[in-house]
Amino acid sequence: MADELFTLAAATTGAPASAPFGRVLTAMITPLHDDGGLDLDGTAALAEHLIETGCDGLVVSGTTGESPTTTDAEKDAILRAVLDVAKGRATVVAGVGTYDTHHTVELARAAEKAGAHGLLVVTPFYSRPPQEGLIRHFTSVADATDLPVMLYDIPGRSGVPITTDTLVKLADHERIVAVKDAKGDVFASSEVMARTQLAYYSGDDALNLALLAHGAVGVVSVVSHVAAREYSQMTRAIDSGDLPRALRLHRQLIPAVRAIMTRTQGAIMAKAAVQELGIIASRALRSPLIPATDEQVAQMRADLAEAGIL
């Protein structure tokens, strides 16, 4: 299945074989109605918008998708709605990670049954397992399906980093093929890239250029809700060796990153930004997250205008 996904990425998106899930992936928000129910029409509209503006991969039910507050049945419905839109135009990766290995395996099998192209598996959070526990957890999930796996290393949320040695060991698994890197340690990421064939994706929009310059194959981005074209241009600039152009794009997008990722939780502002673009009707979130205030939206609008987006 992993080899088939490599072929899909190369054939449908122009991505090199070393970018198994594409180049510009959006960690999608989950559109909701004002009453908190799923807005599956909005989900489909957002997926279409992202593909049209340059995304060749979509990640559903990650943290930005409010996965802690959606049910397993809702995760399945979201995934199927996005798959119906993508239809070979983009890879669709299902976020299945939890702090319970058994539950994560169940979600992985359900995602495979629904037709997901790959799995995003975050480090088990809160319980702070040792590295051997991480190895057993990730291996159990990778063994549970035929889908390729992207590990999500984000110690700021999970409480535990995936160490370099652990990543090197996990890279031996045939279905563990990629890392979404939000560790904030570019040197450690560079070492793993040098010692393994793992495909690295920047999971921190502030470091997209830095990680791409160090060998990352793409991004899993929140800011790409509004800047997919620019990030697609950045990856192409890096591919062609045009670092000055990549740097110009990075600097252009600094206000957008500031707007969405620095003032409050990223899902809050990404959802507000998508509403501002007219793609979804509501910026509602599920508690304990709260919608952006009008003041926050006004500041975001100014920032996005500075970035040339609004």
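Note that this is a predicted model, so its numbers are computed, not measured.

1. Quick notes on helix α2 (residues 40–52)
- In this model, α2 (13 residues) spans 18 Å end to end at C-alpha, consistent with the 18 Å of a helix rising 1.5 Å per residue.
- Where α2 is buried, its residues contact β1 (24–27), β2 (57–60), α3 (72–86), α10 (224–239) and α12 (266–276).
- Two or three places before D41, at the opening of α2, D39 has a side-chain oxygen 3.4 Å from that residue's backbone nitrogen.
- Where α2 ends, the next residue or the one after it, G54, has phi of about 130°, a positive value.

2. A closer look at the sheet that holds β2
- Within the closed barrel, the eight strands sit side by side as β1-β2-β3-β4-β5-β6-β7-β8. Their pairing is parallel. If you compare each strand with its neighbour and ignore which way they point, the axes differ by 25° on average.
- Bridge analysis of strand β4 (residues 118–122) against strand β5 (residues 149–153) gives four bridges, and the strand direction is parallel. Looking at β5, one finds that V121 is bridged to L151.
- In the packing of helix α5 (residues 131–144) onto the sheet, contacts are made with β4, β5 and β6 (176–181), and the angle to β4 comes to roughly 165°.

3. Quick word on the pattern of salt bridges
- This model, assessed by the stated rule, comprises 16 salt bridges.
- The residue R286 makes a salt bridge to E74 at a minimum N-O spacing of 2.8 Å. Residue R286 is found in the loop between α12 and α13 (294–306), and its partner E74 is found in helix α3; the two are separated by 212 residues along the sequence.
- Overall, the relative accessible area of 16% leaves R286 in the buried class.
- A relative accessible area of 17% means that E74 is categorised as buried.
- Here E306 ties to R258 by a salt bridge, and the two come within 3.1 Å at their closest N and O atoms. Highlighted residues: E306 in helix α13 and R258 in helix α11 (residues 243–261), separated in sequence by 48 residues.

4. Topic: the confidence of the model for the protein chain
- Overall, the predicted model of the protein chain reaches an average pLDDT of 94, with 95% of residues at or above 70.
- Low pLDDT, under 50, characterises residues 5–17; the stretch is placed with 25 contacts to residues that sit more than four places away or in other chains.

5. With respect to the UniProt feature "binding site: pyruvate" (unreviewed entry) in the protein chain
- When the UniProt feature table is mapped onto this chain, "binding site: pyruvate" (unreviewed entry) is found at T64 and V220. Annotated residues spanning 157 residues; largest pairwise C-alpha distance 11.0 Å, indicating a single compact cluster. Lining the second largest pocket, from the residues named above, are T64 and V220.
- Secondary-structure assignment places T64 in the loop between β2 and α3.
- Owing to a relative accessible area of 13%, T64 belongs among the buried residues under this scheme.

6. Description of the side chain of S221
- For S221, the position within the fold is in strand β8 (residues 218–221).
- Owing to a relative accessible area of 0%, S221 belongs among the buried residues under this scheme.
- For S221, the side chain forms a polar contact with the side chain of D205, separated by 2.6 Å.
- If we ignore the near neighbours within four places in the chain, the residues touching S221 are L25, T26, A27, D205, N208 and Y231.

What counts and what doesn't
- Residues numbered from 1 in each chain as written.
- Predicted model: local features only at pLDDT ≥ 70, side-chain atom pairs only at ≥ 80, totals over all residues.
- Heavy atoms only, no water.
- Helix = DSSP H or I, 4+ residues; strand = E, 2+ residues; numbered from the N terminus.
- Expected span 1.5 Å × (residues − 1).
- Contact = heavy atoms within 4.5 Å.
- Polar contact = N/O pair within 3.5 Å; in protein donor to acceptor, adjacent residues only side chain to side chain.
- Pairing = 2+ DSSP bridges.
- Axes fitted to C-alpha atoms, helices over the stretch in contact; angles between N-to-C directions.
- Salt bridge = Lys/Arg side-chain N within 4 Å of Asp/Glu carboxyl O.
- Buried < 20%, exposed > 50% of the residue type's maximum accessible area, 1.4 Å probe, protein only.
- pLDDT = per-residue confidence, 0-100.
- UniProt positions renumbered as here; feature names shortened; annotations may be inferred.
- 1 Å grid on protein atoms, 1.4 Å probe; cavity = no way out; pocket = protein on both sides within 12 Å on 5 of 7 lines; lining within 4 Å.

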